[in-house]
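Results of the structural survey
So you can see what is in the structure, the chains are spelled out below.
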Amino acid sequence: MSSTVRLSVNGQAVDVPVGASVAAAMAQVSLHFRRSVGGTSRAPLCGMGVCFECRVRIDGVAHVRACMTPVREGMQVQSHD
Amino acid sequence: MTELYDVLVVGAGPAGLAAAQAAAGQGARVGLIDAQARPGGQVWRHDVRRAAPRAAREAIAHLHGVEWLAQHSVIAAEASALRVETPQGSNLLAYGSLILATGARELLLPFPGWTLPGVTGAGGLQALTKQGWPVAGKRVVIAGSGPLLLAAAATLRAHGARLQGIYEQASTATVHAFARQLLHWPARAVQALGLRARLFGVPYHFGSFVRHAHGDTALQVVEIETPNGTQTIDCDLLAAGYGLVPNVELASALGCSLTYPGAHPQVQVDAFLRTGVANVYAAGEACGIGGLAVARLEGTIAGHMATGNTEAATALLPQRNQARRFGDLLTKHFALDPRLRKLADQQTLICRCEDVTLGELDAFSDARAAKLATRCGMGACQGRICGTALAELGRFPRSGSRPPLFPARLATLAGAATFPSSDDEYRGSRS
């Protein structure tokens, strides 16, 4: 059994350990997770599901907290622009 | 669909794990829910690359007869039941007794540059690192206050981060006074010495705090105020946390009384951890920051109480009361320097969800008026970050929270058991 999971982050293939969060996978590609209402880049702050700064699109569903979502093989992750 | 539990435990950190184990030991049907995918809470958070501490492994392994309900977020309190949302759908969990082990979150204070990617909480970066966040070779500054800084630093170092220093806001004199007090707490002293050994060679500065973070699209430099003047340090990540605040949103929604020992609320309980609401107990950090030992003892006490085993609960009270004194010690020695409340300037964003600056809030003296006029606190975090920060800054207390306790899908609120497949339309964000 493979100990890593491959997923797609902004169209780029990323390998992360089994059980890693989408936030961890995202960080391998970019620290831009979402754009704030004022237009600035944002990335995780709290790491535990409280601040909602890590929201990304996962398999077509918008505004999912990356830090609360474990990776799955083949997942499609997109930052919010 | 409704499930009925004799005892439902909310939160699978040390307190919740202990509560579930104690209640299940009496033969009750016990449900243990947590918003996270794995049990352990924050202090025992699963690390994707490293083994968990033995106590955590044992607590998780001892959940015989407990139904573990992962990725269950509580959205609303109903009559003797909680409405929960999972990645798959929603559910109503009814209970005979409820134990709130909702733990704490970090106190995150605004300063210029705190919204830059690369600036996180201290426990925040520790949590992200355990999730597999790439820190190996990264230059990391740790700052803020309290023993959590050392724990976060140790995790980061173990994962290969290049620690540029730990900056504790408390003065050298008060940290030394705290260290002397540890002589009365042998287990804590051993733990502290262990952490210091794992951090050998990492500078630990006192009376110092980050006043400004700089960078174009991500963090590049931090400015640190020290007793000897201002220093600038190049870094990739800044982990800054100023202590912990109890998570009381669910307790509040249930009608439990809260108390305010300082700027932030905690759940009020009696000696037997009963809240004012019948059959609802609270344990651990939610009742006031006390640390791991308190959480485990109170969890066990609450588990016994919820299953009518008052005798077993009573036997643990002296130990619990003793353990609580450590929390008092932390509060006293790691009290925040008043200068930390002055770091944000007029242009600093306070509400990160709605991008509201401190200057825009000057005209308001209560959270509701500020919210109506500026949208401060109306974003996805529901004021958990800005409301707590504004309370700490002495502006105004956070306004009472309303259901849903977390942003939820409309289908959850409608009480549907499963979500339609194309649920983006229901979130109003199809594009």
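Calculation criteria
- Residues numbered from 1 in each chain as written.
- Chains lettered and ligands numbered in written order.
- Predicted model: local features only at pLDDT ≥ 70, side-chain atom pairs only at ≥ 80, totals over all residues.
- Heavy atoms only, no water.
- Helix = DSSP H or I, 4+ residues; strand = E, 2+ residues; numbered from the N terminus.
- Rg over C-alpha atoms; globule rule 2.2 N^0.38 Å.
- Buried < 20%, exposed > 50% of the residue type's maximum accessible area, 1.4 Å probe, protein only.
- Contact = heavy atoms within 4.5 Å.
- Areas by Shrake-Rupley, 256 points an atom, 1.4 Å probe, with all protein chains shown as cover.
- Core = buried A, V, L, I, M, F, W, Y, C linked by side-chain atoms within 4.5 Å.
- Buried area = accessible area lost by both parts, 1.4 Å probe.
- Salt bridge = Lys/Arg side-chain N within 4 Å of Asp/Glu carboxyl O.
- Polar contact = N/O pair within 3.5 Å; in protein donor to acceptor, adjacent residues only side chain to side chain.
- Nonpolar A, V, L, I, M, F, W, Y, C, P; charged D, E, K, R; others polar.
- Pairing = 2+ DSSP bridges.
- Expected span 1.5 Å × (residues − 1).
- pLDDT = per-residue confidence, 0-100.
- Axes fitted to C-alpha atoms, helices over the stretch in contact; angles between N-to-C directions.
- Parallel < 35°, antiparallel > 145°, perpendicular 65-115°, else oblique.
- Left-handed = near helix turned anticlockwise from the far one by under 90°.

On to the overall build of chain A, then. Helices and strands together make up the secondary structure of chain A, namely one helix and seven strands. Written out in order from the N terminus, the α and β elements of chain A read β-β-α-β-β-β-β-β. Against the compact-globule benchmark of 12 Å for 81 residues, chain A has a radius of gyration of 12 Å, which places it among compact chains. Its C-alpha atoms give chain A principal-axis dimensions of about 45 × 25 × 20 Å. Split into buried and exposed, the 81 residues of chain A put 62% on the buried side. Nonlocal contacts in chain A, meaning residues at least 24 apart in sequence, comprise 36% of its contacts between residues at least 6 apart. Counting every atom, chain A has about 3100 Å² of accessible surface; 49% of that belongs to carbon and sulfur.

As a further point, take the overall build of chain B. Counting secondary structure elements, chain B contains 13 helices and 21 strands. Whereas a compact globule of 431 residues would reach a radius of gyration of roughly 22 Å, chain B reaches 22 Å, a difference of no more than 12%. Counting only C-alpha atoms, chain B reaches 60 × 55 × 40 Å along its principal axes. Looking at chain B residue by residue over its 431 residues, the buried ones come to 56%. In chain B, of all internal contacts separated by at least 6 residues, the share reaching a separation of at least 24 is 64%. A total of about 17700 Å² of accessible surface is found on chain B, and carbon and sulfur atoms cover 52% of it.

Here we come to the nonpolar core. Counting residues in hydrophobic clusters, the biggest one holds 58 residues, and the most contacted among them are Phe33 and Val77 of chain A together with Trp133, Ile142, Leu163 and Ile166 of chain B. Among the elements that line this core, the one with the most residues is helix 1 (residues 22–27) of chain A, at six residues. Not counting the four nearest positions on each side in its chain, tryptophan 133 of chain B is found in contact with Ala23, Ala24, Ala27, Leu31, Phe33 and Pro44 of chain A together with Arg49, Leu125, Leu128 and Leu237 of chain B. Formed by 50 residues, the second largest nonpolar core is a distinct cluster that contains Cys51 of chain A together with Ile350, Cys376 and Ile385 of chain B.

With that out of the way, let us pick up the interface of chain A and chain B. Facing the 39 residues of chain A at the interface are 45 residues of chain B. Summing both partners gives a buried area of about 3200 Å² for chain A against chain B, and 60% of it is carried by carbon and sulfur. If you sort the residues of chain A by the area they bury against chain B, Leu45, Met48 and Val50 of chain A come out on top, with a joint share of 21%. Viewed at the interface, chain B and chain A are joined by two salt bridges. Glutamate 53 of chain A serves as the salt-bridge partner of arginine 352 of chain B, at 2.6 Å between the closest nitrogen and oxygen. Summed over the shared surface of chain A and chain B, the result is 10 residue pairs in polar contact (both at pLDDT 80 or more). Mapped onto the side of chain A that touches chain B, the elements with two or more residues apiece are helix 1, strand 4 (41–42), strand 5 (55–58) and strand 6 (61–65) of chain A. It is strand 6 of chain A that contributes the most residues to the side of chain A that touches chain B, four residues altogether. Tallied by class, the residues present in the side of chain A that touches chain B amount to 22 nonpolar, 11 polar and six charged.

All right, on to the pairing of strand 13 (residues 221–226) of chain B then. Residues and elements named next belong to chain B. Relative to strand 13, strand 12 (residues 209–214) is paired through five bridges, and the arrangement is antiparallel. The residue bridging alanine 213 from the neighbouring strand is valine 222, located in strand 13. Linkage of strand 12 to strand 13, two consecutive antiparallel strands, is achieved through a turn of six residues. Pairing analysis gives six bridges linking strand 13 to strand 14 (residues 229–234), with the strands arranged antiparallel. When the sheet's bridge partners are listed, isoleucine 224 is paired in strand 14 with glutamine 231. Adjacent in sequence and paired antiparallel, strand 13 and strand 14 are bridged by two residues.

This paragraph deals with helix 9 (residues 310–333) of chain B. Taking 1.5 Å of rise per residue, 24 residues should cover 34 Å, and helix 9 of chain B covers 35 Å from first to last C-alpha, within 8% of that figure. Among all positions of helix 9 of chain B, only Ala313, Leu316, Leu317, Arg320, Ala323, Arg324, Phe326, Gly327, Leu329, Leu330 and His333 of chain B are buried.

Turning next to the pattern of salt bridges. Residue and element names in this part refer to chain B. On inspection of all chains with the given rule, the structure shows 22 salt bridges over all chains. The salt bridge partner of aspartate 236 is arginine 139, with a shortest N-O separation of 3.0 Å. Of this pair, aspartate 236 sits in the loop between strand 14 and strand 15 (237–241) while arginine 139 is found in strand 9 (residues 139–144), placing the two residues 97 residues apart along the sequence. With a relative accessible area of 24%, aspartate 236 lands in the partly exposed category. Judged by its relative accessible area of 25%, arginine 139 is partly exposed. A salt bridge links arginine 320 to glutamate 298, with the shortest nitrogen-to-oxygen separation between them at 2.8 Å.

Another aspect to go through is the confidence of the model for chain B. Across chain B, pLDDT averages 94, with 96% of residues at or above 70. Below pLDDT 50 for its whole length, residues 422–431 of chain B participates in 21 contacts with residues either more than four positions away or in separate chains.

Attention now goes to the environment of isoleucine 301 of chain B. Residues and elements named next belong to chain B. Its place among the elements puts isoleucine 301 in helix 8 (residues 292–306). Sequence separation between isoleucine 301 and alanine 23 is 278 residues; the distance between their C-alpha atoms is 9.4 Å. Dropping the residues within four chain positions of it, isoleucine 301 is found in contact with Leu273, Ala313, Leu316, Leu317 and Arg320.

Before going further, it helps to examine the packing of helix 1 (residues 14–24) of chain B against helix 8 of chain B. All names here are of chain B. Where helix 1 meets helix 8, the closest approach of the two axes is 7 Å, and the angle between their N-to-C directions is 30°. The angle between helix 1 and helix 8 places the two elements in the roughly parallel class. Helix-helix and strand crossings are classified by hand; for helix 1 and helix 8 the assignment is right-handed. Each of Pro14, Ala15, Ala18, Ala19, Ala22 and Ala23 in helix 1 lies in contact with helix 8, whose residues at this interface are Leu292, Ala295, Arg296, Gly299, Thr300, Gly303 and His304.

Quick look at the sheet that holds strand 12 of chain B now. Residue and element names in this part refer to chain B. The three strands are arranged 12-13-14 in an open sheet whose pairing can be described as antiparallel. Edge positions in the sheet fall to strand 12 and strand 14, since each has one partner strand and no second. The mean inter-strand angle of the sheet, taken between neighbouring strand axes irrespective of direction, is 25°.

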